[in-house]
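# Close look at the chain arrangement
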Amino acid sequence: MDYMLSDEEKTLIATAKNIAIEKMKLERKYYDENEEFPWKIIKEFAKSNLCGVYVPKKYGGLSKGIMGLVLVLEELCKVDSGAALPLAATILGTLPIILAGTEKQKTKYLFDIASGNNLAAFGLTEVNAGSDITGIATTAVKSGDYYIINGRKRFITNGGEAQVYTIFAKTNPKKGARGISCFILEKGMIGFSFGKKEVKMGIRASSTRELIFSNCKVHKDNLIGKEGQGLIIAQATLDNSRPGVAAQALGIATGALEETVKYAKKRIQFGQTIASFSAIQHMLADMATEIEAARALLYSLARTIDSGKQKRVSKESAMAKLFCSEVAMKVTVNAVQIFGGYGYSRECPIEKMMRDAKITTIYEGTSQIQRNEIALNLIKQSF
Amino acid sequence: MNIVICIKQVSKLIIESTINTIDSRMCRVNRETAKLILNPFDKYVIEESVRIKEKMGGKVTAITMGPYKSESILRKAISKGVDEAFLISDIAFKGSDALATSYVLSCAIKHIRRDYDIIICGTQSLDGDTGQVGPSIAEMLDIPHISYVSKIESIDIDKKTIKVIRKMEDGYDIIRSSIPVLLTVVKGINTPRMTSFKSNMISKKAKVKILNAFDINADIKKIGLRGSPTKVAKLLTISYSYDIISKKSTEEETCDQIIDILIRRLFNMKII
């Protein structure tokens, strides 16, 4: 389907596709097997202006909105979502600054992020907090012009590799959800270090690490928004970033389907291609239909967010993330099934796609949390 | 430094030897049904010209001869950093062989950029594969040419000289030439760059100028079928048939015995 994409949007897709095919495809096996952070690929994103796709033009970006971001991520993830993840995670880490940062903070950080010089990361999850943000134990105690931060963050994508971190800490533990604030931290600050790197099932090219704050001194200028606004900032960030995860899922699913159709047309059994069997045809038809439905939902959401006409998009954002990620999981499982033994073998890219797809139903809110969000808004909105 | 590059659009299906790209009856390549791409050899031409410009300053002009569809490869060249592009297109060019094509391109170069310093072509095209167009242009313009250049060592603007390395079958030649000069560059002389979103948008909006035979003062007798001494007698698709025999060495059979089997087989096939 055409989706009435503009000339600029089509060019964005073409630019991303070129990198995916020319640079990422050959290296995806290497990065997956060696679990190496894909700096070489990120440099290509930077040279192609893709790092700033969502950043406003005023700060050196392309101002292509959520739609632009979705199109780029989808295209890159068709080939390798692991190597594309640093870009998506950077946007997640940058969103609090774009949405709630001061002019000074934006000028200081966004230019280097848009140019690809710096990556960013988002630090919310902790050992006992994730879906339940009020459970965070990291504290920020004010002392003159500074805040002293103590605590640990878990499973932080781009951890250790990013230069800029937007993290959440309790400034007033008594106030519960209203006592959480958001801060910008930089790699190299005294008292800010990194813990162990996670060994993961999929998205192995990306880095997932622990952030450790031990009396980390942060100037009050690095507070995003006001004290106690952390939860609102986190919610607004996730509303805008979940389409990114959805796009990642959609890309993986589309890539898997493309590979599967090609394979089904080539694989001969009982004297004919397996694509000629209706058992396979019906599987392919379901995969394609579900992908297209996921795409239609995601693109509509992206357009809605970019239009600015709808104030709160929590419900729709959760719907797109839930649907796209569940479709990605289903499609990749079926892709492995159609590939048979080859699909299970690490020789083919399909098993990697299945491993990569799984995370999309987990991070930035599990499928169960998305359903909670949808139901909550549904009940709240009805009268 | 004014650099002119000659690039070409070729049909992709040639690579896959699909029968429908070849019109056997008319003895020509059927460009209408084929997927058209930039000649793979010319990717390196574009990159090398832009690298010279970035180092020495100046301007890169891309020229291609072909139907209107060929405009897309000129836009691709612009997205990689080429400054201006000309499409030389005329129905009268139809059927031009390597000689007539060289004549048209030399006329175009004389018309568009008489003050050129370096002309760069690919060593050959994927479809015609003659490797003659580059050197022929140089002859028609009466300038020296160096083919199969694998590295540009140095360019001296004041002395108007260039030093290059030419790839040979048995090694390398280091050659110094005066400027203006025509070079044909080999695949792998550089790693072509990726295009950015911004450069892709520039190329979409760029103007590609179109010139016909009259515009470039081409002699009508020297172009098209009339100007082409090459007559294609026959055009066909060759299909290779493979006969693979795999044989594992067992304990009884030594390596020498297997080699013996291979030699006998090659002898029977009249290969040796």
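By convention here, each chain's residues receive numbers from 1 onward along its written sequence. To read the labels, note that chains go from A and ligands from 1, taken in the order they are written. Only residues with pLDDT of 70 or above have their local features reported here, since the model is predicted, and side-chain atom pairs are shown and tallied only from 80 upward, although totals for entire chains, interfaces and linings are computed over all residues. As a rule here, side-chain values come from all non-hydrogen atoms in the structure, and water together with hydrogens is ignored.

## A word on helix H5 (residues 133-141) of chain B
Residue burial is assigned from relative accessible area. The probe radius is 1.4 Å, only protein chains are included, and a residue is buried under 20% of its type maximum, exposed over 50%, and partly exposed in between. Here a helix means four or more residues in a row that DSSP labels H or I, a strand means two or more in a row labelled E, and each is numbered from the N terminus. Of the residues making up H5 of chain B, those classed as buried are Gly134, Pro135, Ser136, Ile137, Ala138 and Leu141 of chain B. The inward-facing, buried residues of H5 of chain B abut strand S1 (2-6), helix H4 (98-112), strand S8 (118-122), strand S9 (145-156) and strand S12 (181-185) of chain B. The contact criterion used throughout is that any non-hydrogen atoms of two residues lie within 4.5 Å.

## Some thoughts on the interface of chain A and chain B
With 16 residues of chain A at the contact, the number on the chain B side is nine residues. When two parts are brought into contact, each loses some accessible area as probed by a 1.4 Å sphere; the total of that loss over both is the buried area. Here chain A meets chain B over a buried area of about 1,100 Å², counting both sides, of which 60% is carbon and sulfur. Here, a salt bridge means any Lys or Arg side-chain nitrogen found within 4 Å of an Asp or Glu carboxyl oxygen. Where chain A packs against chain B, one counts one salt bridge. Two N or O atoms count as a polar contact when they lie within 3.5 Å, although within protein this holds only if one can serve as hydrogen donor and the other as acceptor, and sequence-adjacent residues are included solely when both atoms are side-chain atoms. Counting the contacts that link chain A with chain B gives six residue pairs in polar contact (both at pLDDT 80 or more). Going through the elements one at a time, helix H1 (7-24) and helix H3 (39-47) of chain A are the ones with two or more residues in the side of chain A that touches chain B. Residues of the side of chain A that touches chain B, tallied by class, amount to three nonpolar, five polar and eight charged. Amino acids are sorted into nonpolar (Ala, Val, Leu, Ile, Met, Phe, Trp, Tyr, Cys and Pro), charged (Asp, Glu, Lys and Arg) and polar (every other residue, Gly among them).

## Here we look at the pairing of strand S4 (residues 164-170) of chain A
Side-chain positions along a regular strand alternate between the two faces of the sheet. Residue and element names in this part refer to chain A. Buried residues dominate S4, accounting for seven of its seven residues. Of the two faces of S4, both are covered, the one formed by Val164, Thr166, Phe168 and Lys170 as well as the one formed by Tyr165, Ile167 and Ala169. Note on pairing: two strands pair once DSSP finds at least 2 bridges between them. For strand S1 (residues 120-123) and S4, the ladder comprises four bridges, and the chain directions are parallel. Within S4, the position partnered with Ala121 by the bridge is Tyr165. Inspection of the sheet shows S4 paired to strand S5 (residues 180-186) by seven bridges, in the antiparallel sense. When the bridges of S5 are listed, Ile167 appears paired with Phe183.

## A word on the nonpolar core
To qualify as a nonpolar core, a set must consist of buried Ala, Val, Leu, Ile, Met, Phe, Trp, Tyr and Cys residues joined through side-chain atoms within 4.5 Å. Counting residues in hydrophobic clusters, the biggest one holds 123 residues, and the most contacted among them are Met24, Phe45, Leu185 and Leu298 of chain A. At 14 residues, helix H7 (residues 230-266) of chain A tops the list of elements feeding residues into this core. Once residues lying within four places of it in the same chain are set aside, the contact partners of Phe45 of chain A are Ile19, Met24, Leu50, Cys51, Leu76, Ala83, Ala84 and Leu87 of chain A. If you look at the next biggest cluster of nonpolar residues, it comprises 34 residues, including Leu38, Ile46, Ala62 and Val185 of chain B.

## Some details on the confidence of the model for chain B
With 86% of its residues at a pLDDT of 70 or more, chain B shows a mean pLDDT of 88. Across the interfaces of the predicted complex, the ipTM metric reaches 0.82, alongside a pTM of 0.85. A residue's pLDDT is the confidence the predictor assigns to it, expressed on a 0 to 100 scale.

## A look at the side chain of Thr166 of chain A
Residue and element names in this part refer to chain A. Its place among the elements puts Thr166 in strand S4. Exposure remark for Thr166: the relative accessible area of 0% places this residue in the buried category. Reaching out from Thr166, the side chain makes a polar contact with the backbone oxygen of Gly93 at a distance of 2.9 Å.

## Some points on the packing of helix H9 (residues 314-339) of chain A against helix H11 (residues 350-360) of chain A
All names here are of chain A. In this description, a line fitted to the C-alpha atoms serves as the axis of each element, helices being fitted only across the stretch in contact, and the angle between N-to-C directions of two axes falls anywhere from 0 to 180 degrees. Running from N to C, H9 and H11 point in directions that differ by 160 degrees, and their axes come no closer than 9 Å. Classified by the angle between their axes, H9 and H11 sit roughly antiparallel to one another. Crossing geometry of H9 relative to H11 is assigned as left-handed. Here Lys321, Ser325, Ala328, Met329, Thr332, Val333, Ala335, Val336 and Phe339 of H9 come into contact with H11, specifically with Ile350, Glu351, Met353, Met354, Ala357, Lys358 and Thr360. Taken together, the residues of the contact of H9 with H11 break down into 10 nonpolar, three polar and three charged. Every angle not falling under 35 degrees, over 145, or within 65 to 115 is termed oblique; those three ranges are roughly parallel, roughly antiparallel and roughly perpendicular. Left-handed describes a crossing in which the near helix is turned anticlockwise from the far one by less than a right angle; the clockwise case is right-handed.

## Description of the pattern of salt bridges
By the definition in use, this model includes 40 salt bridges over all chains. Salt-bridge contacts for Asp32 of chain A lead to Arg355 of chain A; the nearest nitrogen and oxygen are separated by 2.8 Å. Placement of Asp32 of chain A in helix H2 (residues 28-34) and of Arg355 of chain A in helix H11 is noted, with a sequence separation of 323 residues between them. Judged by its relative accessible area of 13%, Arg355 of chain A is buried. Residues participating in the shared-partner salt-bridge network are Lys59, Glu84, Arg113, Asp115 and Lys209 of chain B.

## Considering the domain arrangement of chain A
Residue and element names in this part refer to chain A. For the domain bounds, the source is a domain assignment made automatically or taken from a database. The domain architecture assigned to chain A consists of domain 1 (7-114), domain 2 (120-229) and domain 3 (231-381). Summarising the inter-unit geometry, the C-alpha centres of domain 1 and domain 2 are found 23 Å apart. Taken together, the contact between domain 1 and domain 2 spans 26 residues of the former and 24 residues of the latter. Here domain 1 packs against domain 2, burying approximately 2,000 Å² in sum over the two surfaces, 61% of which is carbon and sulfur. Among the residues of domain 1 in contact with domain 2, Glu35, Phe37 and Tyr109 are the three that bury the most area, contributing 28% of the side total. Put simply, domain 1 and domain 2 have two salt bridges between them. Here Lys104 and Asp221 are joined by a salt bridge, their closest N and O atoms 3.3 Å apart. Seen at the junction of domain 1 and domain 2, the total is 10 residue pairs in polar contact (both at pLDDT 80 or more). Among the elements of the structure, H2, helix H5 (81-100) and helix H6 (103-114) are those that each provide at least two residues to the side of domain 1 that touches domain 2.

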